[in-house]
Amino acid sequence: MKQRIAVIGGGVIGLSTAYALIRAGHDVTLVERNEDVGLGASYANGGQLSYRYVSPLADAGVPRQALRWMLKSGSPVSLRLRADPNQWRWMFSFLSACNHKTNRQSAAALLSLALRGQAELAAWRAEGLDGFMWRQPGKLVLYRQDAVFRKAMFSIHDAKLERALSPADCARIEPAFAHLAPDLAGGIFSPEDEVADSHLFCKALKASLLCEPRFRYVQGNSSLAPDTENRCALKVDGRRFTTDLIVLAAGLGARDMTIPLGIHLPLYGLKGYSLTLRPSPETMPSVSVTDYDNRVVYARLGNALRVAAMVDIGAEDATFNPTRLASLRTLVKRTLPHMADESGNDNPWTGLRPATPTGVPIVGRSRYANLLFNVGHGALGFTLCTGSAARIADIIGPAETYGVQ
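Not measured: the values here are computed from a predicted model.

A. Inspection of the overall build of the protein chain at higher detail. Check the secondary structure of the protein chain and you find ten helices and 20 strands. Its C-alpha atoms give the protein chain a radius of gyration of 21 Å, near enough to 22 Å, the size a compact globule of 405 residues would have. Projected onto its principal axes, the C-alpha coordinates of the protein chain cover approximately 65 × 50 × 40 Å. Residues classed as buried in the protein chain amount to 56% of the 405 residues present. Within the structure as shown, the protein chain displays about 17500 Å² of accessible surface, and the carbon and sulfur contribution to it stands at 53%.

B. How the structure looks around the packing of helix H1 (residues 12-23) against helix H4 (residues 100-126). At a minimum axis distance of 12 Å, the contact between H1 and H4 shows a crossing angle of 65°. By the angle class used here, H1 and H4 are roughly perpendicular. The interaxial crossing formed by H1 with H4 has left-handed handedness. In this structure, H1 contributes Ser16, Tyr19, Ala20 and Arg23 to the contact, and H4 contributes Glu120, Ala123 and Trp124.

C. Main features of the sheet that holds strand S19 (residues 362-365). Taken together, the six strands give an open sheet; going across it, the order is S9-S2-S1-S13-S20-S19, and neighbouring strands pair in mixed fashion. Each having just a single partner strand, strand S9 (215-219) and S19 make up the two edges of the open sheet. When strand polarity is set aside, the average angle formed by the axes of neighbouring strands in this sheet is 20°. As defined by bridge partners, strand S1 (residues 4-8) adjoins strand S2 (residues 27-32) across five bridges and the pair is classed as parallel. Each bridged residue has a counterpart across the sheet, and for Ala6 the counterpart in S2 is Thr29. The strands that H1 touches are S1, S2, S9, strand S13 (245-248) and strand S20 (371-375); relative to S2, the one it contacts most, it runs at about 170°.

D. Highlighting the packing of aromatic side chains. Enumeration over the complete set of coordinates arrives at eight aromatic pairs. Between Tyr19 and Trp124 the ring centres are 4.6 Å apart and the planes differ by 50°, which places this aromatic pair in the tilted class. Of this pair, Tyr19 sits in helix H1 while Trp124 sits in helix H4, and the two are 105 residues apart along the sequence. A ring pair is formed by Phe177 and Tyr298, whose centres lie 5.2 Å apart and whose planes are at 70°; its orientation type is edge-to-face. On the criterion of sequence distance, the pair formed by Phe177 in the loop between helix H6 (167-173) and strand S7 (186-190) and Tyr298 in strand S16 (residues 296-301) is long-range, its members being 121 residues apart. An identical accessibility class is assigned to Phe177 and Tyr298; each is buried. Of the aromatic side chains, those joined through ring pairs into one cluster are Trp90, Phe94 and Tyr268.

E. Region of interest: the sheet that holds strand S11 (residues 232-236). Taken in spatial order, the three strands of this open sheet run S10-S11-S12, and their pairing is antiparallel. Strands with a single pairing partner mark the edges of an open sheet, and in this sheet they are strand S10 (222-226) and strand S12 (239-241). When strand polarity is set aside, the average angle formed by the axes of neighbouring strands in this sheet is 40°. Here five bridges tie S10 to S11, and the two strands are oriented antiparallel to one another. In the strand pairing of S11, Leu224 is matched with Leu234.

F. Region of interest: the state of the cysteines. Across all of its chains, the model carries zero disulfides by this definition. Cys211 takes part in no disulfide bond, and the closest cysteine sulfur to it belongs to Cys202, at a distance of 17 Å. A residue is classified by how much of its surface remains accessible, and Cys211, at 65% relative accessible area, is exposed.

G. Molecular detail of the packing of H1 against helix H7 (residues 198-210). Relative to each other, H1 and H7 sit at 35°, their axes nearing to 10 Å. In the packing of H1 onto H7, the handedness of the crossing is left-handed. Contacts from Val12, Leu15, Ser16, Ala18, Tyr19 and Ile22 of H1 reach H7 at Ser198, Phe201, Cys202, Leu205, Lys206, Ser208 and Leu209. Classifying every residue of the contact of H1 with H7 gives nine nonpolar, three polar and one charged.

H. Examining unusual backbone geometry more closely. At Glu229, a residue that is not glycine, the phi angle is positive and equals roughly 55°. You can see Glu229 is positioned in the loop between S10 and S11. On the accessibility criterion, Glu229 (72% relative accessible area) is exposed.

I. Layout of the nonpolar core. Val7, Leu21, Trp124, Leu129, Phe201, Val247 and Ile396 are the most contacted members of the largest nonpolar core, which has 44 residues in total. Elements represented by at least two residues in this core include exactly S1, H1, S2, H4, H7, S13 and helix H10 (381-396). In contact with Val247, other than residues within four places in its own chain, are Ile5, Ala6, Val7, Ile8, Thr17, Leu21, Leu372, Asn374, Ile392 and Ile396. Ala176, Val296, Leu328 and Leu331 belong to the second-largest nonpolar core, a separate cluster that totals 27 residues.

J. Summary view of the pairing of S19. Inspection of the sheet shows S19 paired to S20 by four bridges, in the antiparallel sense. Each residue of the ladder has a partner; that of Arg365, found in S20, is Leu372. With antiparallel pairing between neighbouring strands as the criterion, S19 and S20 make up a hairpin whose turn holds five residues.

Thresholds, definitions, all that
- Residues numbered from 1 in each chain as written.
- Predicted model: local features only at pLDDT ≥ 70, side-chain atom pairs only at ≥ 80, totals over all residues.
- Heavy atoms only, no water.
- Helix = DSSP H or I, 4+ residues; strand = E, 2+ residues; numbered from the N terminus.
- Rg over C-alpha atoms; globule rule 2.2 N^0.38 Å.
- Buried < 20%, exposed > 50% of the residue type's maximum accessible area, 1.4 Å probe, protein only.
- Areas by Shrake-Rupley, 256 points an atom, 1.4 Å probe, with all protein chains shown as cover.
- Axes fitted to C-alpha atoms, helices over the stretch in contact; angles between N-to-C directions.
- Parallel < 35°, antiparallel > 145°, perpendicular 65-115°, else oblique.
- Left-handed = near helix turned anticlockwise from the far one by under 90°.
- Contact = heavy atoms within 4.5 Å.
- Pairing = 2+ DSSP bridges.
- Phe/Tyr/Trp six-rings, centres within 6.5 Å; stacked < 30°, edge-to-face > 60°.
- Disulfide = S-S within 2.5 Å.
- Nonpolar A, V, L, I, M, F, W, Y, C, P; charged D, E, K, R; others polar.
- Core = buried A, V, L, I, M, F, W, Y, C linked by side-chain atoms within 4.5 Å.

This is the structure in structure tokens:
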């Protein structure tokens, strides 16, 4: 049945959701509080569409490893404890999820969602969605420790789609990192993984949606409140907004929006950083690369190299931490000493990635009959956005006439 649906949030999750629902034949209004789309956690993320490498942060041994990281300058993870109930609740749940069983279950759920998303994006691209620097160069994950590399080898799901490589093979796959070969235990190469620019993807989705007569874009501040008959009411800039269904895809902002409904979403903002370098084109890697031990990703986007890293737990906002930013710059120079940025500006960015303790996003119905959630994607928002959108469209179902009109 054709329905009027309001999607709250103009990042990759909200825009993908709106696009999937328009394809399913519904009338969709997207509500975004910022002056344009894709300006939050979607703006300058790592650029990897990492469909087969979706292991959640919570795993056995991570708390012990994190303690070692926190004693080391420039570590992948930092923790600042605060008198914040949200932080303590999230951390307790995260520690509870740090076991092999939960990790396997979470990884399986993420893999299913990611692979659905890859197929969905392929369909959207076949229909003409373009303009976001999409490529399929494959992804190479580099490991420096034998034990960690062996564990990664055992977790390969399909030998045709993931290959274990020797250090010499890694150097052949991506020569830009060949000088690291003596320090490597090996690598895992996924030839069908992709890269793209998340912010441009948001803008491409918006441009395509604005061509649809069943789509409306509204800039304003949204709020939710209980209504009658197990339903909630939506207001935009204080005025009631009439709609059949609401999909909340507002990232970290969803946590505060649901408090009036008596719902406490287990979301916390994990701060990350990125640099966008412009070195000589001949020195840049083509393949998407993840340096596992340092938790750094490298993705070539056109004539730029996006470098993203770090998890800061307990950051108050998305302002720059100069020490963390300097550590990332030092790490990049140490890893790729031959790659000088010719632009004179590495375009630093930081953002709060809305994460659940298990790493699995919340995608589905709420206890209110007219409210659905599509939140909590953490650092995998770009990878999971199309799969999550397709799942929301499945739950709602198609209108009488399926397809973009």
